[in-house]
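Notes for the structure review
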Amino acid sequence: MSPDSEGTTTTSAGRSSRARAQGLRVIQGEGRRKEEPLASRDAVARALMEAGADLLLRRITPARAQEIERKVDRVLDLFDRVDRAPVLMPVLKRHLDELEALMRETREVRAARR
């Protein structure tokens, strides 16, 4: 153990004794992930990562993963186009709704396989 700048001691693992004394904080999530609306580029990218993980874990088919990837690519392209031409916002919204429906269906299929 060695003292740090705040006067607490730091273990070899890098945690201070103060942090260890506080313990873990439990976050009530009821064991379910909150479904995030696809309203930003980041949310759409997370949907693609979710589909990739599901494909690797064989919870969805390669065809479904390809469909999600195709829709994500289209939506990300539309985000860029809407930045230049806001009149395309209704088109983006329609494609976001379609992607959300596909992700909802995918989660239902995934849950049924468990």
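For the structure itself, consult the block above.
Residues numbered from 1 in each chain as written. Predicted model: local features only at pLDDT ≥ 70, side-chain atom pairs only at ≥ 80, totals over all residues. Heavy atoms only, no water.

1. Observations regarding the overall build of the protein
Counted only if it meets this: In this description a helix means any DSSP run of H or I spanning at least four residues, a strand means any run of E spanning at least two, and both kinds are numbered starting from the N terminus. Accessibility here uses a 1.4 Å probe with only protein chains present; expressed as a share of the type maximum, an area under 20% marks a residue as buried, one over 50% as exposed, and anything in between as partly exposed. Note on contacts: a residue pair qualifies if any of its non-hydrogen atoms lie within 4.5 Å across the two residues. A 1.4 Å probe and the Shrake-Rupley method give the accessible areas. Residues count as covered only by the protein chains that appear here.
Per the secondary structure count, the protein includes four helices and two strands. Put simply, the protein runs from its N terminus to its C terminus through helices and strands in the order β-β-α-α-α-α. The buried share of the protein, taken over its 114 residues, is 26%. The long-range fraction of contacts in the protein, counting pairs at least 24 apart against all pairs at least 6 apart in sequence, stands at 49%. Accessible surface computed for the protein: about 8,500 Å², of which carbon and sulfur atoms make up 53%.

2. Section: the side chain of Thr-106
Here Thr-106 shows up in helix α4 (residues 89–113). With sequence-adjacent residues up to four places away left out, Thr-106 is seen in contact with Ile-60, Arg-64 and Ile-68.

3. Description of the nonpolar core
Let me state the cut-off plainly: Residues belong to one nonpolar core when they are buried, are Ala, Val, Leu, Ile, Met, Phe, Trp, Tyr or Cys, and are joined through side-chain atoms within 4.5 Å.
By size, the foremost hydrophobic cluster in this structure holds 18 residues, and its most contacted members are Leu-38, Val-44, Ile-68, Val-75, Leu-92, Leu-96 and Leu-99. Going through the elements one at a time, α2 (41–56), α3 (62–84) and α4 are the ones with two or more residues in this core. With residues near it in sequence (within four places) discarded, Ile-68 still touches Ala-51, Leu-99, Leu-102, Met-103 and Thr-106.

4. Considerations on the side chain of Arg-64
Mapped onto the fold, Arg-64 is located in helix α3. Residue classification places Arg-64 among the buried positions, given a relative accessible area of 18%. Discounting residues that sit within four places of it in the chain, Arg-64 has contacts with Leu-102, Glu-105, Thr-106 and Val-109.

5. Describing α3
Selection criterion: Expected span of a helix, by definition, is 1.5 Å for each gap between consecutive residues, and there is one gap fewer than residues.
Taking 1.5 Å per residue as the helical rise, α3 with its 23 residues ought to reach 33 Å, and the 34 Å between its terminal C-alpha atoms agrees with that figure. By the burial criterion, the buried members of α3 are Arg-64, Ala-65, Ile-68, Lys-71, Val-72, Val-75, Leu-78, Phe-79 and Val-82.

6. Concerning unusual backbone geometry
The phi angle at Arg-58 is positive, at roughly 60 degrees, despite the residue not being glycine. Among the structural elements, Arg-58 can be located in the loop between α2 and α3. Judged by relative accessible area, which is 72%, Arg-58 ranks as exposed.

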